[in-house]
Amino acid sequence: MTTTTKALLEIDNVSKIFRNGASTTHVLDRLSLNATEGDFVTVIGPSGCGKSTLLKIIAGLDTDYVGSVNIENRKVDRPSQEKGFIFQEHRLFPWLNVESNIAADLSLSKPEVRERVNELIKLVKLEGFEKAYPRQISGGMSQRVAIARALLRKPKVLLLDEPFGALDAFTRAHLQEALLEIWQTNRTTMVLVTHDIDEAVFLSSRVVVMDAKPGRIKSVIPIDLPYPRKRTGTAFQDLRTHVLRSLEHSETEEPSYTI
Amino acid sequence: MTTTVAVRSEQAAKPITDRPKRTFPWKSVIRGAIIPAAIIAIWQILSSNGAISETLYSSPWNILKEYYELTKTGELPHHLRISLVRASLGFLFGGGAGLLIGLLVGMSRPVEEVVNPTVQMLRTIPLLAITPLFIMWFGFGELSKVLLISLGAFFPMYVNTFLGVRNVDAKLFDVGRVLEFNWWKRTTRLVLPAALPNILLGTRLSLSIAWLCLVVAELLGAESGVGYMIQDARSFVQTDVVFVGITIFAIVGKLSDSIVRVLEQRLLRWQDSFKG
């Protein structure tokens, strides 16, 4: 890990409280986290730990919080194209075909847009599907279109909110490999939220384990395995167990059931 | 590499055709023509036999002859042109206003709260009840007719556009925010295309109401137009001419509806819905 480089993304003391009538929930409690350029950070934790909320805050989609989030020393106060966001569902425009979806509001008749779109279609391996509509392609392919749409905007950081959660195991594995390839080609900083331990260990350079109620960072586990990683290797399994332990530990802290 | 192989097989499994080959739908045209053809045949037979009075019920053949006569004298094209201009103007003003106001009301809740109750109240008033007022205020001239048609065309367009905007998937608005769409882009790139199915439905309904209001306006008082032609023929018991007027309304109405349906098929190709 490059500790000497300046942090690209700085999350400092972020807290968010959710009020529902009289009860208040600390969704996030004084959470701090940095990511350098080219980092691949995965946030993992039990449901309700505020990991998706954290991602929305980084994206500028949620501005109702205390603390500060900076990207390249500029405060995040609204969504922008420098923060690419991949939702759990692909959220493509159903009335646009694949290439128009990637271009979205940009005109494909401009040669520089055309060229970039073609490059990205190649990168996400969708050649031959440029003219297909979202209803005609599979969920995994749609998610790749969504990734290409975000990458066209040359984001400083790509935020992924359980992007492969709704896909079947095979497609998920393929997309994870595709994402790694994209990351290695573009060196875009990635922040991924997931509940899949395998995915976290397979992809990231650091795994951030979160704790629920209040949502805070439990531990940060660096994954110092060389890419491409073998899911079956002992080192992989050891790290997997390590993350699992850390997660279980966080989950035993709350009373599980009251009868 | 495993990825490439898997991706290839995934692609091979689903051949994608952008434009499905379309041949002219003869079968469905024939199916649709069965009932009208049968009615015309029976009608002609009955009037030829003398089973029904030709003066009162006319016959398909007489109507055809009347079409020829009226076209030759230039009477029919003259009236039809005037009617078409009135209906188009009314549809453009009313439909346009309905689209614009429906869009604004759909996109903003405060605007909805101010505008919608009034529009819904006005919508329930039967148009025939307002017609005398329009004639008193604007006279028998073109203005009152075009305004009456506009008013009729406004409501279906308004209601459907409003509904269409409210049916837009809220999740897509987050995408618009992430892609930094401004107000204009959000409207033209997101709301309008998403609401298009409803807007086109509104267009069809609006067109047919415009046509309906045209007849009302022309029957109530006019010196020209297809409605006037019918009214005039009625007073001389020229049943053939009345039928010419009625059928021309049907033909033009169906034509305009077909045009919008073709537009629907082209513009809504992306939709994934049951096609029967």
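None of these values were measured; they are calculated from a predicted model.

### A closer look at the UniProt feature "domain: ABC transmembrane type-1" (unreviewed entry) in chain B
Now for step 1: Mapped onto this structure's residue numbering, the UniProt feature "domain: ABC transmembrane type-1" (unreviewed entry) falls at residues 80-260 of chain B.
Now for step 2: A helix fraction of 88% and a strand fraction of 0% characterise residues 80-260 of chain B, whose end C-alpha atoms lie 20 Å from each other.

### Points about the UniProt feature "domain: ABC transporter" (unreviewed entry) in chain A
Now for step 1: Taking the UniProt record as the reference, the feature "domain: ABC transporter" (unreviewed entry) is found at residues 9-237 of chain A.
Now for step 2: Annotated as 31% helix and 29% strand, the span residues 9-237 of chain A places its first and last C-alpha atoms 30 Å apart.

### Some details on the UniProt feature "transmembrane region" (unreviewed entry) in chain B
Residues and elements named next belong to chain B.
Now for step 1: Following the UniProt record, one finds the feature "transmembrane region" (unreviewed entry) at residues 29-46, 87-108, 120-140, 146-165, 209-230 and 242-263.
Now for step 2: End C-alpha to end C-alpha, residues 209-230 measures 19 Å, and it is 77% helix and 0% strand.
Now for step 3: Each end of residues 242-263 is marked by a C-alpha atom, and these two atoms are 32 Å apart; helix forms 100% of the span and strand 0%.

### Things to note about empty space enclosed by the protein
Now for step 1: Throughout the structure, instances matching the rule amount to three cavities of 30 Å³ or more.
Now for step 2: In this structure, the largest cavity spans a volume of roughly 120 Å³.
Now for step 3: Residue lining of the largest cavity: 14 residues in total, with Phe85(A), Arg149(A), Ala150(A), Val178(B) and Leu179(B) positioned closest to the centre.
Now for step 4: When residues of the lining of the largest cavity are traced back to their parent elements, those giving at least two are strand 6 (83-86) and helix 4 (139-152) of chain A together with helix 9 (170-178) of chain B.

### Details of the packing of aromatic side chains
Residue and element names in this part refer to chain B.
Now for step 1: The full count for this structure, using the stated rule, is 14 aromatic pairs over all chains.
Now for step 2: Consider the rings of Phe 24 and Trp 26, whose centres lie 4.8 Å apart with planes at 65°: the pair is edge-to-face. With respect to burial, Phe 24 and Trp 26 carry one shared label: exposed.
Now for step 3: On the basis of an interplanar angle of 85° and a centroid distance of 6.2 Å, the ring pair of Trp 137 and Phe 138 is categorised as edge-to-face.
Now for step 4: Overall, the relative accessible area of 32% leaves Phe 138 in the partly exposed class.

### Digging into the nonpolar core
Residue and element names in this part refer to chain A.
Now for step 1: Counting residues in each nonpolar core, the largest one holds 50 residues, and the members touching the most others are Ile 44, Ile 102, Val 117, Leu 179, Val 207 and Val 243.
Now for step 2: At eight residues, helix 4 tops the list of elements feeding residues into this core.
Now for step 3: Sequence-distant contacts of Ile 44, that is, excluding residues within four places in its chain, are made with Lys 51, Thr 194, His 195, Asp 196, Ile 197, Ala 200, Val 207, Val 208, Val 209, Met 210, Val 243 and Leu 247.

### Quick look at the interface of chain B and chain A
Now for step 1: Listed as interface residues are 30 residues of chain B and, on the opposing side, 35 residues of chain A.
Now for step 2: Where chain B touches chain A, the interface holds four salt bridges.
Now for step 3: The partner of Asp105(A) in a salt bridge is Lys185(B), with the nearest N and O atoms 2.8 Å apart.
Now for step 4: Seen at the junction of chain B and chain A, the total is 10 residue pairs in polar contact (both at pLDDT 80 or more).

### A look at the packing of helix 7 (residues 127-138) of chain B against helix 8 (residues 142-166) of chain B
All names here are of chain B.
Now for step 1: Interhelical geometry of helix 7 versus helix 8 gives an angle of 150° and a closest axis separation of 9 Å. Between helix 7 and helix 8, the crossing angle belongs to the class labelled roughly antiparallel. Of the two elements, helix 7 crosses helix 8, and the hand of that crossing is right-handed. Across the interface between the two elements, Leu 127, Ile 130, Thr 131, Phe 134 and Phe 138 of helix 7 pack against Leu 143, Ser 144, Leu 147, Leu 148, Leu 151 and Gly 152 of helix 8.
Now for step 2: Classifying every residue of the contact of helix 7 with helix 8 gives eight nonpolar, three polar and no charged.

### A closer look at the pairing of strand 8 (residues 189-194) of chain A
Residue and element names in this part refer to chain A.
Now for step 1: Counting buried residues along strand 8, six of its six residues qualify, which places the element largely inside the surrounding structure.
Now for step 2: Going residue by residue along strand 8, you find Thr 189, Val 191 and Val 193 tucked away on one face and Met 190, Leu 192 and Thr 194 tucked away on the opposite face as well.
Now for step 3: Pairing of strand 3 (residues 40-44) with strand 8, which is carried by five bridges, proceeds in the parallel orientation. Bridging from a neighbouring strand, Val 41 pairs with Val 191 of strand 8.
Now for step 4: With five bridges joining them, strand 7 (residues 157-161) and strand 8 adopt parallel strand pairing. Its bridge partner being in strand 8, Leu 158 is matched across the sheet by Met 190.
Now for step 5: At this point the chain moves from strand 7, through helix 5 (residues 169-186), to the parallel strand 8, and the crossover so formed is right-handed.

Cut-offs and rules
Residues numbered from 1 in each chain as written. Chains lettered and ligands numbered in written order. Predicted model: local features only at pLDDT ≥ 70, side-chain atom pairs only at ≥ 80, totals over all residues. Heavy atoms only, no water. UniProt positions renumbered as here; feature names shortened; annotations may be inferred. Helix = DSSP H or I, 4+ residues; strand = E, 2+ residues; numbered from the N terminus. 1 Å grid on protein atoms, 1.4 Å probe; cavity = no way out; pocket = protein on both sides within 12 Å on 5 of 7 lines; lining within 4 Å. Points joined across faces, edges and corners; volume = space filled by probe spheres on them. Phe/Tyr/Trp six-rings, centres within 6.5 Å; stacked < 30°, edge-to-face > 60°. Buried < 20%, exposed > 50% of the residue type's maximum accessible area, 1.4 Å probe, protein only. Core = buried A, V, L, I, M, F, W, Y, C linked by side-chain atoms within 4.5 Å. Contact = heavy atoms within 4.5 Å. Salt bridge = Lys/Arg side-chain N within 4 Å of Asp/Glu carboxyl O. Polar contact = N/O pair within 3.5 Å; in protein donor to acceptor, adjacent residues only side chain to side chain. Axes fitted to C-alpha atoms, helices over the stretch in contact; angles between N-to-C directions. Parallel < 35°, antiparallel > 145°, perpendicular 65-115°, else oblique. Left-handed = near helix turned anticlockwise from the far one by under 90°. Nonpolar A, V, L, I, M, F, W, Y, C, P; charged D, E, K, R; others polar. Pairing = 2+ DSSP bridges. Right-handed = clockwise from strand over helix to strand, strands pointing away.

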